[in-house]
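# Structural overview for review
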Amino acid sequence: MRWTQTYIPTLRDIPSEAELISHQLLLRGGYIRKLAAGVYIYLPLMQRVIDKFSQIVRNEMNRAGAIEITMPVLHPAEIWQMSGRYDTIGKEQMRLKDRHLHQMVLGATHEEVVTYLLKGELKSYRQLPLNLYQIQVKFRDEIRPRFGLMRGREFIMKDAYTFDADELSFEVAYQKMVEAYFRIFKKAGLETKKVESDTGTMGGKAAHEFMLVVETDGGEESLVFCDKCNYAANIEKAISREANPPQIDLELNEMEEVDTPGASSIEEVALFLNVNPKKLVKTLIYLANGKPVAALIRGDRELNPVKLKNHLGVIDIEIAPAATVEAITGCPVGFAGPIGLKNIPLIIDNEVKRLRNFITGANKSEKHLINVNIGRDFQENSVTDLINALANELCPYCDGKLIIKKGIEVGNTFMLGTKYSASMGATFLDSEGKEKPFIMGSYGIGITRTPQAAIEKYHDEKGIIWPKNIAPYSVELIPLNYEKEEHKKVAEQVYNALIENGIDTLLDDRLERAGVKFNDADLIGIPVRIVIGDKSLKQGKLEMKFRGSEEIKLIDIKDVVGEVSKLLEEVR
Ligand code: ATP
Ligand code: MG
């Protein structure tokens, strides 16, 4: 492709709308433009990246025995009502009415459609197993669309769905997808980690996420790894063991109300009473589907809202506003405690359940209670794990230490079990003629998120450094003076040779200064750069360079195809 024939509107300045480096580079490199919050136009370079990554995904999915189909984006609300998710998916689902006032939704995922498709149509165990996938646009009214293609409201996903007759066969299907995922990301130049994850509104018995670990702000997910065994989990799911748990008192002391003037935060109260924050218990008031609940965790801990949400089985969880807290506790924020809170469920973290003689707010301004004990002084409604694991705590499975890293979720796999087949009545006859619901799995890959994640991982101060297999072009050819007859002639000759040999090449045929061309080349990040300039031409040579290195190699014009192929072979 010739630069002047395509559309690559690079920008010099950093667009103010973009926080993340990868988002800035996509805008500056002329890859994308924003239409609305979380809605982007894919320009020619981005289109090529999407096509290349999609092709990798297709090849590996096909190789793993999955079959490509295309399901509609527009769904009748009824199929979502059938599965029960119409009421649980929440505000993320985009809804609209057609001209007959019929309720429709835009697909955020396709478990319902694919289950509906096979219900009543796929009747015998002989037709199983089956794995159907598509690469297609999805709509989600994300609460915080941000970071460009990372969290869009319209984005492209590869979604696959497996149907099996029994657990054993499902395990094989799931494992095949996991292996395909590792191959897909590796092919795209990305080393991913598989972590245990929360199943969310998708449901089912277990799930895994494929994460690209990054050091930048782009890592939205906190991940917990054991430094010794294979344990790896999203913080929403991770469990840990404390290395030095506090000693538990043997005796129950008498409860007392104490004044804590000017001390309301954990640090202030601990300092004022001269105790370890581990002796304090925080009472956090949340709204679960709009109704208040109190969650109790140790003073030094952080609550993970996903754990609370799952425990309560609600769709929505948010920290209660100050006015609600004050109405419930009858005092200013900062002095909430479990004793005397009326008609609101008390959910207690496992760790708190073991504590004795702890300190809580007294539900009175500037007052706390000391020597509080569960059972004697108040009764909990339920006990569960509510807290975030911390770095250096112990692994739940071995004596290794936990490490916390940041990552970007590029794909995930869900063991759905019979959640959708049972609720939607999608059954088959097994080998003994018994009617059974399909055992299902669901498998997603972010087709637009993954390339941006790759940029978040691979860039420098000048621009993108694409992994070769998802780069929009493999080679960028830069004649320094395209108006010069000789440069033009060599450029055309090399360009044709590369194209004829199936090497995607972008020829920068603009009549721009060399500096502009070099800056743009660094910005858009094509792996191999070939420069045609007077100095090397005199010796019948060209300058070849990999975007990720400073080393320039002089190559003979006649060897260009072989040299480029060799370099492409060597780089990531
Ligand atoms: P997240 O936790 O990031 O919201 P999710 O669990 O909702 O992701 P899935 O529903 O499993 O994601 O979607 C499969 C894949 O689609 C994800 O792994 C991710 O790569 C991609 N994806 C999900 N939501 C978005 C989005 N809003 N914009 C771009 N890609 C997305
Ligand atoms: Mg999501």
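Everything quoted here is computed from the prediction, not taken from an experiment. (Residues numbered from 1 in each chain as written. Chains lettered and ligands numbered in written order. Predicted model: local features only at pLDDT ≥ 70, side-chain atom pairs only at ≥ 80, totals over all residues. Heavy atoms only, no water.)

What follows deals with the overall build of the protein. Summing up its helical and strand segments, the protein has 15 helices and 31 strands in all. The C-alpha extent of the protein, read off along each of the three principal axes, is 95 × 65 × 55 Å. When each of the 572 residues of the protein is scored for burial, the buried share is 53%. Counted over contacts in the protein with a minimum sequence separation of 6, partners at least 24 positions apart contribute 69%. For the protein, the accessible area works out to roughly 26,100 Å², and carbon and sulfur atoms hold 50% of it. (Helix = DSSP H or I, 4+ residues; strand = E, 2+ residues; numbered from the N terminus. Buried < 20%, exposed > 50% of the residue type's maximum accessible area, 1.4 Å probe, protein only. Contact = heavy atoms within 4.5 Å. Areas by Shrake-Rupley, 256 points an atom, 1.4 Å probe, with all protein chains shown as cover.)

Of all 8 residues that make up strand S15 (residues 291-298), 6 are buried, and the element is covered over most of its length. Sheet analysis places strand S14 (residues 281-288) next to S15, joined by 8 bridges and oriented antiparallel. Along S15, the bridge assignment pairs alanine 288 with lysine 291. Following S14, the chain reverses through 2 residues before pairing antiparallel with S15; asparagine 289 in that reversal takes a positive phi of roughly 50°. With 3 bridges connecting them, S15 and strand S17 (residues 346-349) associate as parallel partners. When the bridges of S17 are listed, alanine 294 appears paired with leucine 346. (Pairing = 2+ DSSP bridges.)

Turning our attention to the pattern of salt bridges. If the charged atoms of two oppositely charged side chains come close together, the side chains can form a pair. A complete count under the given rule lists 37 salt bridges for this structure. One salt bridge in this structure joins arginine 48 and aspartate 504, with 3.6 Å as the shortest N-O distance. Taken together, the positions of arginine 48 in helix H2 (residues 44-63) and aspartate 504 in the loop between helix H12 (485-500) and strand S28 (505-507) put the pair 456 residues apart, joining distant regions of the chain. Under the relative-accessibility criterion, arginine 48 is labelled partly exposed at 26%. Between aspartate 520 and arginine 510 there is a salt bridge; the shortest N-O distance is 3.0 Å. One end of the pair, aspartate 520, is in helix H13 (residues 514-524); the other, arginine 510, is in the loop between S28 and H13, with 10 residues separating them in the sequence. Each member of the pair, aspartate 520 together with arginine 510, is buried. Where salt bridges share partners, they join Glu242, Lys278, Arg298, Asp300, Arg301, Glu351 and Glu393 into one cluster. (Salt bridge = Lys/Arg side-chain N within 4 Å of Asp/Glu carboxyl O.)

When cut into domains, the protein gives domain 1 (3-239 + 404-456), domain 2 (256-384) and domain 3 (473-570). The centre of domain 1, based on its C-alpha atoms, is set 37 Å off from the matching centre of domain 2. Listed by partner, the interface residues are 8 residues for domain 1 and 5 residues for domain 2. Carbon and sulfur atoms make up 49% of the surface buried where domain 1 meets domain 2, a total of about 530 Å² over both sides. Summed over the shared surface of domain 1 and domain 2, the number is 0 salt bridges. Of the residues belonging to the side of domain 1 that touches domain 2, the class tally is 2 nonpolar, 2 polar and 4 charged. (Domains from an automatic or database assignment. Buried area = accessible area lost by both parts, 1.4 Å probe. Nonpolar A, V, L, I, M, F, W, Y, C, P; charged D, E, K, R; others polar.)

This paragraph deals with the packing of aromatic side chains. In total, this model carries 10 aromatic pairs according to the counting rule given. Aromatic pair phenylalanine 170 and tyrosine 174: ring centres 5.7 Å apart, planes at 45°, arrangement tilted. One end of the pair, phenylalanine 170, and the other, tyrosine 174, are both in helix H5 (residues 167-187), 4 residues apart, so they sit about a helical turn from each other. Exposure class is identical for phenylalanine 170 and tyrosine 174. Each is buried. Linked through ring pairs, Tyr181, Phe182, Phe185 and Phe210 together constitute an aromatic cluster. Lying over the aromatic face of tyrosine 458, arginine 572 brings its terminal NZ or CZ to 3.5 Å of the ring centre. (Phe/Tyr/Trp six-rings, centres within 6.5 Å; stacked < 30°, edge-to-face > 60°. Lys NZ or Arg CZ within 6 Å of the ring centre and 35° of its normal.)

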